[in-house]
Amino acid sequence: MTAPRLAIEALSAISLRDGNRPILRRVSLAVATGEVHGLVGESGAGKSTIAKAILGIIPSQLKVTDGRIVFEGRDLLSLLPKDLRAVLGRDIALVPQDPSTALNPSRRIDAQMTDGLRLKRGLSAKQARLRAHALLEEVQIRDPKRVLDSYPHQLSGGMRQRVLIAAAFALEPKLVIADEPTTALDVTVQKQILRLIRSLQERHGTSVLFVSHDLGVVAKICDRLTVLYMGKVMEQGSTADVLAAPRHPYTKALLAANPRYDRPDTGLEPTPPEVIAALRAEIAAFDAGVAGSR
Amino acid sequence: MADDLLLARGLVVAYGRPGSLFTRRGDSPVVLHGVDIRVGKSETVGIVGESGSGKTTLGRALLGLIKPAAGSVVFDGSDITALDERARRPLRRRMQMIFQDPMSSLNPRHTIGRILIEPILLHGLAKSHAAALALVHGILDRVGLSRGTVDFYSYELSGGQRQRVGIARAVVLRPDFVLADEIVSGLDVSTQAQVLRLLKELTGEMHLALAFISHDLSVVRSICQRVVVMREGRVVEEGPCERIFAAPAAAYTRMLIDAIPLPTTDPGWLSRGASVEVAASA
Amino acid sequence: MRDPKVVCAGGFILLLIVVAIAAPWVAPKDPLAQNLLMTTTPPAGFPDAEPGFLLGTDGLGRDVLSRVIYGARVSLTVAFVAAGLACLIGSLLGLLAGFLGELVDALISRLVDVWMAFPPVLLSILLIAVIGTGLHSVITAIVVIDWTRFCRVVRTETKSQAQMDYVVAARTIGFSRPAILFREILPNVVPVLIALLTLEMGIAVVVEAILSFVGLSVSSDTPTWGGMIAEGRQIVHEAWWVLAAPLAALFATVVAFNQLGDGLARSLDPVLRR
């Protein structure tokens, strides 16, 4: 078995402001080459923290206490800032959640897209613009020239997200982290964007870490899933296995609480108190174990 | 129909002045292009649409918060669009609203108790503060909040708790009609389930008519009997949930339903269903 | 929440108010009493100091400390009355502009724009030339110029509050428009207002000092910090304390008002940010 492109090993983190409350509890997951790996959890589960840890942008009130993030044989957490910066943007890219805040409102699209190309690949302005044009075509934007000359506020949400995806794939990274990339979009636009991400990913052989709270979305685009609750991995496996035959009570509760339009009485089942109690106990036992081994 | 509590016909709502600094060039200022909708007594109707569909505007027009450029809204026999603010006030008690963001719908400077008691006193449902407080305790019990909540401020509660306060405020006046505008959009799936279940129970117990605005068709399916599908200020289709979801007549409805990802692996889903026309916005 | 800066600043202002009100009992000497045998004596602790004159005497033998205390009366009166009136007028118009709809807003905003186009210094000099010097003119000048500052801020805040869902909620519940303005909107505008008011008080004190420095404020009998600075400036090499004392008092007072305003803004606002 070939080595995974990204391997997170026993990653732990705490919140310094909250009396060292654990945010991540020995999270381990692996993303193979060309795999789309879904990181699923509700808000506060720690999914964004993991994404930020990979990108080296953890907020100052959080601290990684243990574990490694191995990318192409190197632990990202132990890299010097300048080495990390060399890796990011070239080999690891981000598709952010909110297209309206991720783009600088006072710069045109082509300036924002060509930044990376000119900086990392040393392309001239003209070459970079040509490449940006080709990328916009690849993300199925019909009038790339108009988009390149526009400011972000002149484009719709879906269009902006396509631009961000194009920018992410511009340098042909080995890993793309997609942080809730369709949450802010209409459902029909969402499907088009998911289709786009999948096709780009297949064409370039990129690995994707797809962060989402939406089980339906990850079901359609991810090969494998990691289910996260309170910073701890509850279940992991192929998407088909996890969704069709969930083993952990949390995954089952999550599936039961999701409304489905093809089943009228779903979506009205909150997580039963016994399950919540069992989850709390599991977390408490874990924390005690960690404290004990200190 | 004799059973209709709320009947809106030909609603046209327009915003702003065309070509003003605040509308994008090419944006039509007309948000609703002649919408008809009816809500029967004790009926739960879902209003679904994507962004720009006009569903929020429709909701506010139904409550008389926006004056339509044309059309009428008849509530229990009275045309509220023809009434002025003062004449509408007695009807206000009977038409209430629950908001999407409980943070901005609960005044941060008022205690929860004050937020719930003042409407009761305003409409004379209780004559004294103590009597109003008793009513408030009752409603807090019903929505699953502790009685001590009356002393808290909105920022001291969790998202789910705040939303319950929003529900409590809407039903404490015993209205006949409630408008719920995207009330579960920001919630975790488990909290969402709690809130939806509570709402379904309350509408049954209190015989409330409910108009439930949402962009999420699956949520609408879970609590609504009928659904109205909107697109760009027009009603595309409406009818009982079973029929619409099983056999949608309009192509747009079909596209909308098809775009909803169910939590099942389905390899062909991504490539299936070419969009009806790539919407100008995408 | 008890920020030490706010407590200190608030305490200082409070102390100043008490001292100013109780000036006749607190001040050791008569601020106007001249003693030409004891001119420019240094403050206590320095050689040649006269007992009983803690901060020394000025060029006419008057007790500097007592003059500073009495000067506080003028400064604080201007601070509270001028800032208070500017706040009242400006806030009222701002509330109306933010709440009563497009037409009223347009009218009031145009008025503010036109008004703010007048150069303030010129306007105040013109005003005082017409009305004459004195405390009432200083106060009038400040109010006439600074009400626009309150109007703009309150208008913006009112407008943003009026968009909030809890205002819509109040409408659906059936509260009348005046009730909504006072119960829902005003309490959320007040924190910003209080912060602005205390800052304005600091500004008013400085403006008064400047006007009395150039002799356009109260008559030269009444001691004012600005007037004392003007006098002290001329003999700064022989008697530095005559300049230093009122300057220090002015500085401390303005800093105190600013810190108070700043601290209040921060402690009253987090309600929304939590």
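What counts and what doesn't
- Residues numbered from 1 in each chain as written.
- Chains lettered and ligands numbered in written order.
- Predicted model: local features only at pLDDT ≥ 70, side-chain atom pairs only at ≥ 80, totals over all residues.
- Contact = placed C-beta atoms within 7 Å.
- Core = buried A, V, L, I, M, F, W, Y, C linked by C-beta atoms within 7 Å.
- Buried ≥ 20, exposed ≤ 12 C-beta atoms within 10 Å, placed from the backbone.
- Helix = DSSP H or I, 4+ residues; strand = E, 2+ residues; numbered from the N terminus.
- Nonpolar A, V, L, I, M, F, W, Y, C, P; charged D, E, K, R; others polar.
- Axes fitted to C-alpha atoms, helices over the stretch in contact; angles between N-to-C directions.
- Parallel < 35°, antiparallel > 145°, perpendicular 65-115°, else oblique.
- Left-handed = near helix turned anticlockwise from the far one by under 90°.
- Pairing = 2+ DSSP bridges.
- pLDDT = per-residue confidence, 0-100.

1. Comments concerning the arrangement of the chains
Next, step 1: Between all two pairs of chains that are in contact, chains A and B come out with the most contacts.
Next, step 2: At their nearest point, the C-alpha atoms of chain A and chain C are still 15 Å apart, with no contact between the two.

2. Description of the nonpolar core
Next, step 1: Judged by nonpolar contacts, the single largest core of 237 residues is most densely connected at A166 and F210 of chain A, F212 of chain B together with I142 and A204 of chain C.
Next, step 2: Setting aside chain neighbours within four positions, we find I142 of chain C in contact with A82, A86, A204 and V207 of chain C.

3. What to know about the interface of chain B and chain C
Next, step 1: Contact with chain B, which involves 19 residues of that partner, is made by 16 residues of chain C.
Next, step 2: Broken down by secondary-structure element, the contributors of at least two residues to the side of chain B that touches chain C are α2 (85–92), β6 (95–98), α3 (102–105) and α4 (112–122) of chain B.
Next, step 3: Among the residues making up the side of chain B that touches chain C, the classes are represented as nine nonpolar, five polar and five charged.

4. Concerning the packing of helix α3 (residues 64–99) of chain C against helix α4 (residues 102–116) of chain C
All names here are of chain C.
Next, step 1: Interaxial distance between α3 and α4 falls to 7 Å at its minimum, and their mutual angle equals 140°. In this view, α3 runs oblique relative to α4, as classed from their interaxial angle. For α3 against α4, the interelement crossing comes out left-handed. Where α3 abuts α4, its residues L93, L96, A97 and G98 lie against V104, D105, I108 and S109.
Next, step 2: Across the contact of α3 with α4, the residue classes tally to five nonpolar, two polar and one charged.

5. A look at the sheet that holds strand β6 (residues 92–95) of chain A
Residue and element names in this part refer to chain A.
Next, step 1: Read from one edge to the other, the open sheet built from six strands follows the order β6-β7-β8-β3-β9-β10, with strand pairing classed as mixed. The two strands at the open ends of the sheet, each matched to only one other strand, are β6 and β10 (232–238). Taken pair by pair, the neighbouring strands of this sheet meet at an average axis angle of 15°, ignoring direction.
Next, step 2: When strand β9 (residues 224–229) meets β10, the two strands line up antiparallel, connected through six bridges. Paired with T226 across the bridge in β10 is Q236.

6. A closer look at the confidence of the model for chain C
Residue and element names in this part refer to chain C.
Next, step 1: Here chain C averages 87 in pLDDT, while 97% of its residues score no lower than 70.
Next, step 2: Here helix α11 (residues 270–273) stands out as the least confident element of chain C, with mean pLDDT 50; α3 is the most confident, with 92.
Next, step 3: Under the prediction, the complex receives an ipTM of 0.83, its pTM being 0.82.

7. Here we look at the pairing of β9 of chain A
Residue and element names in this part refer to chain A.
Next, step 1: When you tally the buried positions in β9, you get six out of six residues, the bulk of the element.
Next, step 2: The pairing of strand β3 (residues 36–40) with β9 spans four bridges and is parallel. Its bridge partner being in β9, V40 is matched across the sheet by V227.
Next, step 3: With antiparallel pairing between neighbouring strands as the criterion, β9 and β10 make up a hairpin whose turn holds two residues, including M230 at a positive phi of roughly 50°.

8. Observations concerning the interface of chain A and chain B
Where interface size is quoted, it is often the accessible area lost as the parts come together.
Next, step 1: Taken together, the 38 residues of chain A in the interface contact 33 residues of chain B.
Next, step 2: Elements that contribute at least two residues to the side of chain A that touches chain B include exactly α7 (157–169), α8 (187–204), α9 (215–221), α10 (239–244) and α11 (249–257) of chain A.
Next, step 3: Here the side of chain A that touches chain B takes nine residues from α8 of chain A, the largest share from any one element.
Next, step 4: Along the lines of polarity and charge, the residues of the side of chain A that touches chain B split into 17 nonpolar, twelve polar and nine charged.

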